[in-house]
Amino acid sequence: MSLIRLWNLLVEYQDVLLSGIKITVVLAVLSMLLAMVVGLIACLGMLSRSRILRAPAVLFVEFCRNTPILVQLVWVHYAWPEIIGVKFDAFTSSMIALAMQSSGYLAEEYRAGIESIEKGQIEASQSLGMTYWRLMRRIVIPQAFIRMVPGILNQFVTCFKSTSIVSIIAVPDIMYQAGLIVSATFLPMPVYTGVALVYFVLVFLISSVVRWLSRKLPMTSYFHTQQHAGV
Amino acid sequence: MPASDPVIRLDKVEKRFGKLEVLRGIDLAVPDSTTIALIGPSGSGKSTLVRCINHLERIQGGAIHVGDTTITADGLERGGRRLSAGDIARYRAGIGMVFQSFNLFPHLTVLGNIIEAPTGVLGWSKAESTDKAMALLRKVNLAEKAPDYPATLSGGQQQRVAIVRALIMDPRIMLFDEPTSALDPELTGEVLRVIRDLAIGGRTAIIVTHELRFAREVASHVVFMDGGLIVEQGAPDQVLGSPREERTRSFVGRVAH
């Protein structure tokens, strides 16, 4: 009975699988944190009035969004050592590539949030004597952030799923461990089915939290935030 | 500066949005402690004019003198020195502005809205700012709303909070950009009362308004604009009661019906 076989296999290799899950989760979280910072810098660059700051920021964001994640991963891991002269381990390369991909989308997400703030808010702040940085920090970004939360969390879901490709450069995530188990057992069906289930459960859990939060946010905030479309 | 000099003086001010000429050479002097009512049909440039005074809009020609500061197409200068972004912010802090759409900060409480600039811009302590804010809120009968968020207030209440938010900075000049146009008719009275009794209070004020009766009551001077030009100006009774220009007559007749 294949279900029993699947269960036995999962139990037998639980340590390996758990360590794979741990790598996947840590990689997704770290990449996302890095992407949030890099995305913010890129976003501020895009919003800058100075062309010298804006042009590279726009180029960076467009590059990140318009190259496949697999290409970015391989490029960072195998080409960067020659370009910048530093060789990263597979985990670090994966983190950089994933953060790069997400930061492009996050920068756009931030920008949309900031630009959604009504002009009247900025004018009122200016008329009260606030400087650009003060009004961004105190008035615009706090309001924009609440509107950005669903988008940021959605990007985390995407980033989490994207981690599955890092096995290609031998990062020992779930996918990679599964490949090892398959080579040891010659049982691709139960192993890959198990992996699919593990991803499904994890991503579904995160997505559910995102959906719940997205519904919750406009109500806990004291003002009318547009509800973002489905997760 | 001698006391008789106007606080605000506009000298052939021109403003364009692309090809559209919004202000076509405006000359206007606003003496100290006077209240000017700016009236005119929509699109006449009156809102743009007040927005140019605190530099929310740039001008393309002429000059605006406010105290010892001069605004030209090149920016702001004082005593021959160009003002930095920080100087411009301080300049704006001395001019209170009330908007048609209130523009309260939705993520801050009523009290938070009012003390944001005194604490952040003027560097007052929170306690001092709160004391002054509460005193002003009591004067507009909204003290009990201090902990509430703007979204829970009526339009008239929001606009009174916005007036208090401007007044706590103790500005020398107050600008009102159609302060009651977004309000239901039954709510305009409470706002106009606050403007008259509290906000003007000896300050130099410019009020863009469609409320001609109110203009007549509070203004020392009424300016009628049309098509980016000042068509007629003078004492309220003259401009609103017996206008000289045909365009003024037809506008006053239409609005006052």
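Thresholds applied
- All residue numbers refer to positions counted from 1 along the written sequence of the respective chain.
- Lettering for chains starts from A, numbering for ligands starts from 1, and both go in the order in which the items are written.
- Per-residue local features are limited, in this predicted model, to residues with pLDDT of at least 70; the limit for side-chain atom pairs, both in listing and counting, is 80 or more; totals at the level of whole chains, interfaces and linings are taken over all residues.
- Side-chain figures throughout are based on the complete set of non-hydrogen atoms in the structure, without hydrogens or water.
- Of the grid points, spaced at 1 Å and generated over the protein atoms alone, those admitting a 1.4 Å probe that cannot get out make up cavities, while open sets with protein on both sides within 12 Å along at least five of seven lines make up pockets; any residue with an atom within 4 Å of a point is treated as lining.
- Grid points are joined across faces, edges and corners, and a volume is the space filled by probe spheres set on the points.
- Every helix listed is a DSSP run of H or I at least four residues long, and every strand listed is a run of E at least two residues long, numbered separately from the N terminus.
- A helix is expected to span 1.5 Å multiplied by its residue count minus one.
- Relative accessibility decides the category of a residue: with a 1.4 Å probe and only protein chains considered, values under 20% of the type maximum give buried, values over 50% give exposed, and everything between is partly exposed.
- Here, the arc refers to the directions that run from the helix axis to the C-beta atoms.
- Should any heavy atoms of two residues lie within 4.5 Å, those residues are considered in contact.
- Note: buried area is the sum, over both parts, of the accessible area (probe 1.4 Å) each one loses when the two are combined.
- Between Lys or Arg on one side and Asp or Glu on the other, a salt bridge is scored when a side-chain nitrogen of the former is within 4 Å of a carboxyl oxygen of the latter.
- Think of a polar contact as two N or O atoms within 3.5 Å of one another; within protein, one of them needs to be a possible hydrogen donor and the other a possible acceptor, and neighboring residues in sequence only count if both atoms come from side chains.
- Every angle, taken between N-to-C directions, lies between 0 and 180 degrees, and every axis is a line fitted to C-alpha atoms, over only the stretch in contact when it is a helix.
- Small angles under 35 degrees read as roughly parallel and large ones over 145 as roughly antiparallel, with 65 to 115 read as roughly perpendicular and the rest as oblique.
- Put simply, a crossing is left-handed when the front helix is turned counterclockwise from the back one by less than a right angle, and right-handed when it is turned clockwise.
- Ten residues, namely Ala, Val, Leu, Ile, Met, Phe, Trp, Tyr, Cys and Pro, are considered nonpolar, four, namely Asp, Glu, Lys and Arg, are considered charged, and the remaining ones, Gly among them, are considered polar.
- Remark: nonpolar core denotes a set of buried residues (Ala, Val, Leu, Ile, Met, Phe, Trp, Tyr, Cys) joined through side-chain atoms within 4.5 Å.
- When DSSP finds two or more bridges between a pair of strands, those strands are recorded as paired.

Caption draft 1: The layout of surface pockets, seen in detail. The space that makes up the largest pocket amounts to roughly 1100 Å³. What lines the largest pocket is a set of 32 residues, and nearest its centre among them are Arg49(A), Ile122(A), Gln126(A), Tyr132(A) and Arg92(B). Going through the elements one at a time, α2 (14-47), α5 (90-115), α6 (119-127) and α7 (132-162) of chain A together with β6 (75-78) and α2 (85-93) of chain B are the ones with two or more residues in the lining of the largest pocket. No other element matches the five residues that α7(A) contributes to the lining of the largest pocket.

Caption draft 2: Region of the structure containing helix α3 (residues 51-65) of chain A. Residue and element names in this part refer to chain A. Between the first and last C-alpha of α3 there are 21 Å, a value that for 15 residues agrees with the 21 Å anticipated at 1.5 Å per step. Ala 57, Val 61 and Cys 64 are the residues of α3 that are buried. Here the buried residues of α3 occupy an arc of 65 degrees about the axis, which is enough to place them on one side. Those residues of α3 that are exposed and aimed more than 90 degrees away from the buried face are Arg 51, Ile 52 and Leu 59. Residues of α3 that are buried make contact with α2, α4 (69-83) and α5.

Caption draft 3: Inspection of the interface of chain A and chain B at higher detail. Across the boundary between the two partners, chain A contributes 20 residues, which contact 25 residues of chain B. Summed over both partners, the interface of chain A with chain B buries about 2000 Å², with 62% contributed by carbon and sulfur atoms. The interface formed by chain A and chain B includes two salt bridges. Between Arg138(A) and Glu116(B) there is a salt bridge, with the nearest N and O atoms lying 2.7 Å from each other. Taken together, the links from chain A to chain B amount to seven residue pairs in polar contact (both at pLDDT 80 or more). Breaking the side of chain A that touches chain B down by element, the ones donating at least two residues are α6 and α7 of chain A. Among the elements that take part in the side of chain A that touches chain B, α6(A) stands out by supplying eight residues, more than any other.

Caption draft 4: Spatial organisation of the packing of α2(A) against α7(A). Residues and elements named next belong to chain A. Running from N to C, α2 and α7 cross one another at 135 degrees; their axes reach a closest spacing of 9 Å. In this view, α2 runs oblique relative to α7, as classed from their interaxial angle. Pair α2 / α7 crosses with right-handed handedness. Side by side, α2 and α7 meet where Thr 24, Val 25, Ala 28, Val 29, Ser 31, Met 32 and Met 36 of the first sit next to Ile 152, Gln 155, Phe 156, Cys 159 and Phe 160 of the second. The class makeup of the residues in the contact of α2 with α7 is nine nonpolar, three polar and no charged.

Caption draft 5: Representation of the nonpolar core. Residue and element names in this part refer to chain B. Counting 130 residues, the largest nonpolar core has Ile 8, Leu 10, Ile 53, Ile 64, Ile 195 and Ile 206 as the members making the most contacts within it. Ignoring sequence-local partners within four residues, the contact set of Leu 10 consists of Ile 26, Asp 27, Leu 28, Leu 49, Ile 53, Ala 63 and Ile 64. Counting residues in each nonpolar core, the second largest holds 12 residues, with Ala 37, Ile 39, Leu 212 and Val 239 among its members.

Caption draft 6: Region of the structure containing the sheet that holds strand β5 (residues 69-72) of chain B. Residue and element names in this part refer to chain B. Spatially, β2-β1-β4-β5-β6-β7 is the arrangement adopted by the six strands of the open sheet, whose pairing is antiparallel. A single partner strand is all that each edge strand has here, and the edge strands are β2 (20-31) and β7 (81-82). Sheet analysis places strand β4 (residues 61-66) next to β5, joined by three bridges and oriented antiparallel. Residue pairing in the sheet places His 65 in a bridge with Thr 70 of β5. Each of β1 (6-17), β2, β4 and β5 is contacted by helix α1 (residues 46-53), which is oriented at about 120 degrees to β1, the strand it contacts most. Packing against the sheet, α2 makes contact with β4, β5, β6 and β7, and its axis sits at approximately 80 degrees to β6.

Caption draft 7: Representation of the environment of Val222(B) in the model. Residue and element names in this part refer to chain B. Its location among the elements puts Val 222 in strand β11 (residues 221-226). On the basis of relative accessibility, which here comes to 0%, the residue Val 222 falls in the buried class. Put simply, Val 222 and Pro 150 are 72 residues apart on the chain and 33 Å apart in space, counted from C-alpha to C-alpha.

Caption draft 8: Up close: the environment of Val157(A). Assignment of secondary structure puts Val157(A) in helix α7. Note: C-alpha distance between Val157(A) and Pro172(A) (15 residues apart in sequence) is 20 Å.

Caption draft 9: Region of interest: the environment of Gly62(B). Residues and elements named next belong to chain B. Inspection of the secondary structure assignment puts Gly 62 in strand β4. Each C-alpha atom, one on Gly 62 and one on Thr 204, is 22 Å from the other, the two residues being 142 residues apart in sequence. Aside from chain neighbours lying at most four places away, what touches Gly 62 is Asp 11, Lys 12, Val 13, Ile 71, Thr 72 and Ala 73.

Caption draft 10: The arrangement of helix α3 (residues 110-120) of chain B in detail. Most of α3(B) is tucked away, with nine of its 11 residues classed as buried. Buried within α3(B) we find Val110(B), Leu111(B), Gly112(B), Asn113(B), Ile114(B), Ile115(B), Glu116(B), Ala117(B) and Pro118(B). Along its buried surface, α3(B) packs onto α7 of chain A together with α4 (126-139) and α5 (155-167) of chain B.

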